[in-house]
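Residue-level listing of the chains:
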Amino acid sequence: MAKTLFGLIGLLLLITGCSTLSEEQCRLGDWQAVGYQDGVNGRDPMYLSKHLDACTDYGISPDKKAYSLGRDEGLKQFCTYDNGLSFGKSNRGYANVCPAELAKDFLRGYEKGKKVAKVQEEIYQVSSDIRTLEDQMDKEQDLGRKVSMRTQIRMLQRQQERLNDEAREIEAGA
């Protein structure tokens with residue numbers, strides 16, 4: 001009985017969690033604010049259709065013009081160099097939502113962030129390789145193999161230092 005109850009509660013949360021807006025938000029109808037928030041979050045203009053689906057359940061239609069005005073304002077906050085850098089570093093996808101006059105700065109930051117993310121991934125892999133070799137070395141009985149592993153670790157540590165320098169150079173460059 002308890003499993004069934006928890007299952008139903010989970011299903012209800014899943015269903016209600018899929019809506020982009022609550023009934024109250026749909027009824028308030030501040031479509032400019034909804035559009036602004038979507039713009040600030042870099043959402044595609046087609047995201048409005050998700051709001052439409054959510055609000056149709058309550059018999060409410062979005063004000064597309066107000067939504068677009070708000071979204072355009074929100075995109076001014078989203079489409080910045082710093083935000084592009086942040087998006088790139090976190091390997092988040094960019095849906096080409098920035099208007100041409102704002103896209104240049106965003107994309108400059110985004111490309112730089114992607115480069116940093118790539119180097120960070122390499123650093124992570126080298127760190128993982130170092131840990132693996134250290135673990136193997138701890139278990140190794142043969143002195144010759146231990147010396148060889150220590151040499152490999154030193155080489156990987158130098159590679160890691162070079163990658164860290166590369167990441168700092170990318171970040172420092174304009």
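Conventions and cut-offs
Residues numbered from 1 in each chain as written. Predicted model: local features only at pLDDT ≥ 70, side-chain atom pairs only at ≥ 80, totals over all residues. Heavy atoms only, no water. Axes fitted to C-alpha atoms, helices over the stretch in contact; angles between N-to-C directions. Helix = DSSP H or I, 4+ residues; strand = E, 2+ residues; numbered from the N terminus. Parallel < 35°, antiparallel > 145°, perpendicular 65-115°, else oblique. Left-handed = near helix turned anticlockwise from the far one by under 90°. Contact = heavy atoms within 4.5 Å. Nonpolar A, V, L, I, M, F, W, Y, C, P; charged D, E, K, R; others polar. Disulfide = S-S within 2.5 Å. Buried < 20%, exposed > 50% of the residue type's maximum accessible area, 1.4 Å probe, protein only. 1 Å grid on protein atoms, 1.4 Å probe; cavity = no way out; pocket = protein on both sides within 12 Å on 5 of 7 lines; lining within 4 Å. Points joined across faces, edges and corners; volume = space filled by probe spheres on them.

Trainee: Talk me through the packing of helix α6 (residues 81–89) against helix α7 (residues 100–139); I want residue IDs and the actual numbers.
Mentor: Contact pair α6 / α7: the axes reach a minimum separation of 6 Å and the direction vectors enclose 30°. When the axes of α6 and α7 are compared, the pair comes out roughly parallel. The handedness of the crossing between α6 and α7 is right-handed. Within the contact between the two elements, α6 uses Tyr81, Asn83, Gly84, Leu85, Phe87, Gly88 and Lys89 and α7 uses Asp105, Phe106, Arg108, Gly109, Tyr110, Lys112, Gly113, Lys114, Val116 and Ala117. Taken together, the residues of the contact of α6 with α7 break down into 7 nonpolar, 5 polar and 5 charged.

Trainee: Quick rundown of the state of the cysteines? Include the residues and the values.
Mentor: In this structure the tally under the stated criterion is 2 disulfides. One disulfide bridge connects Cys26 with Cys55, the sulfur atoms lying 1.9 Å from each other. Across the disulfide from Cys26 to Cys55, rotation about the S-S bond amounts to roughly -80°, and the bridge is consequently left-handed. With Cys26 in helix α2 (residues 23–28) and Cys55 in helix α4 (residues 48–56), this residue pair connects regions lying 29 residues apart in the sequence. For Cys26, a relative accessible area of 1% gives the class buried. At a sulfur-sulfur separation of 2.2 Å, the disulfide partner of Cys79 is Cys98. Where Cys79 bonds to Cys98 through sulfur, the torsion about that S-S bond is close to -100°, and the disulfide is left-handed. Highlighted residues: Cys79 in the loop between α5 (64–78) and α6 and Cys98 in the loop between α6 and α7, separated in sequence by 19 residues. Using a relative accessible area of 9% as the deciding quantity, one classes Cys98 as buried. Here the protein pairs its bonded cysteines, counted in sequence order, in the arrangement 1-2, 3-4.

Trainee: Run through the environment of Leu75, naming residues and quoting values.
Mentor: By the secondary structure assignment, Leu75 is in helix α5. Classification of Leu75 as buried rests on a relative accessible area of 2%. Beyond its immediate stretch of four places on either side in the chain, Leu75 contacts Gly39, Val40, Val97, Pro99 and Leu102.

Trainee: Describe the layout of surface pockets, listing the residues and the values that go with them.
Mentor: Summary: where empty space remains is shown by rolling a probe the size of a single water molecule over the atoms. Within this model, the largest pocket holds a volume of roughly 160 Å³. Taken together, 13 residues form the lining of the largest pocket, with Leu21, Gln25, Asp30, Ala33 and Val34 sitting closest to its centre. Among the secondary structure elements, those contributing two or more residues to the lining of the largest pocket are α2 and α3 (31–40). Sort the elements by how many residues they give to the lining of the largest pocket and α3 lands first, with 4 residues. Looking at side-chain class alone, the lining of the largest pocket contains 5 nonpolar, 5 polar and 3 charged residues.

Trainee: Residues and numbers for the environment of Gly59, please.
Mentor: Assignment of secondary structure puts Gly59 in the loop between α4 and α5. A residue is classified by how much of its surface remains accessible, and Gly59, at 70% relative accessible area, is exposed. Distance from Gly59 to Glu23, taken between C-alpha atoms, is 9.8 Å for residues 36 residues apart in sequence.

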